[in-house]
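# Descriptive structure summary
Spelled out from the first residue to the last, the chains are:
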Amino acid sequence: MDDVYVTNTLGTENARKLFAKEGIAAVIYPREENFRIALDNFGQRQAIIFEATRALGLKRYHFTRKDYKQGRIIITLVQSPAMWRI
């Protein structure tokens, strides 16, 4: 995702199809250099995932990765397709 390795779980064909069909991803960039402190905190990243899954519904899988050079984080979620129909 955006030139950042997320997971090797997507290495299989079925996993790639599942993510392409039911997945969603976001890249969060810090606006200023000192804002990287919050994104570096693992608890803050877990809180972001919690709020995203609470807003979107149940999740099957979630992954977060940190790009240490630019300070951005990548969040990927695979939703249950039944929740998207609501």
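Everything that follows concerns the structure shown earlier in this document.
A separate point is the side chain of R36. Within the element layout of this structure, R36 appears in helix α2 (residues 36–40). Engagement of the side chain of R36 in a polar contact is seen with the side chain of E33, the distance being 3.1 Å. Ignoring sequence-local partners within four residues, the contact set of R36 consists of P30, K66, Y68, K69, Q70 and G71.

With eight of its eight residues buried, strand β3 (residues 72–79) lies for the most part within the structure. Here β3 shows two buried faces, one formed by R72, I74, T76 and V78 and the other by I73, I75, L77 and Q79. As paired elements, strand β1 (residues 23–28) and β3 share six bridges and run antiparallel to each other. The partner of A26 across the bridge, within β3, is I75.

The next point concerns the nonpolar core. Residues L39, I49, I73, I75 and L77 constitute the largest nonpolar core, which totals five residues. Element by element, the count of residues in this core is highest for β3, at three residues. Filtering out sequence-adjacent residues up to four positions away, I49 remains in contact with H62, T64 and I75.

This brings us to the pattern of salt bridges. Counted under the stated rule, the structure contains four salt bridges. Residues D40 and K66 are paired through a salt bridge, measuring 2.8 Å at the closest nitrogen-oxygen approach. In this pair, D40 is assigned in helix α2 and K66 in strand β2 (residues 59–67), connecting sequence segments 26 residues apart. In this structure D40 comes out as partly exposed when scored by relative accessible area, which is 39%.

The rules behind the values
- Residues numbered from 1 in each chain as written.
- Predicted model: local features only at pLDDT ≥ 70, side-chain atom pairs only at ≥ 80, totals over all residues.
- Heavy atoms only, no water.
- Helix = DSSP H or I, 4+ residues; strand = E, 2+ residues; numbered from the N terminus.
- Polar contact = N/O pair within 3.5 Å; in protein donor to acceptor, adjacent residues only side chain to side chain.
- Contact = heavy atoms within 4.5 Å.
- Buried < 20%, exposed > 50% of the residue type's maximum accessible area, 1.4 Å probe, protein only.
- Pairing = 2+ DSSP bridges.
- Core = buried A, V, L, I, M, F, W, Y, C linked by side-chain atoms within 4.5 Å.
- Salt bridge = Lys/Arg side-chain N within 4 Å of Asp/Glu carboxyl O.

So yeah, pure geometry; function would need other evidence.
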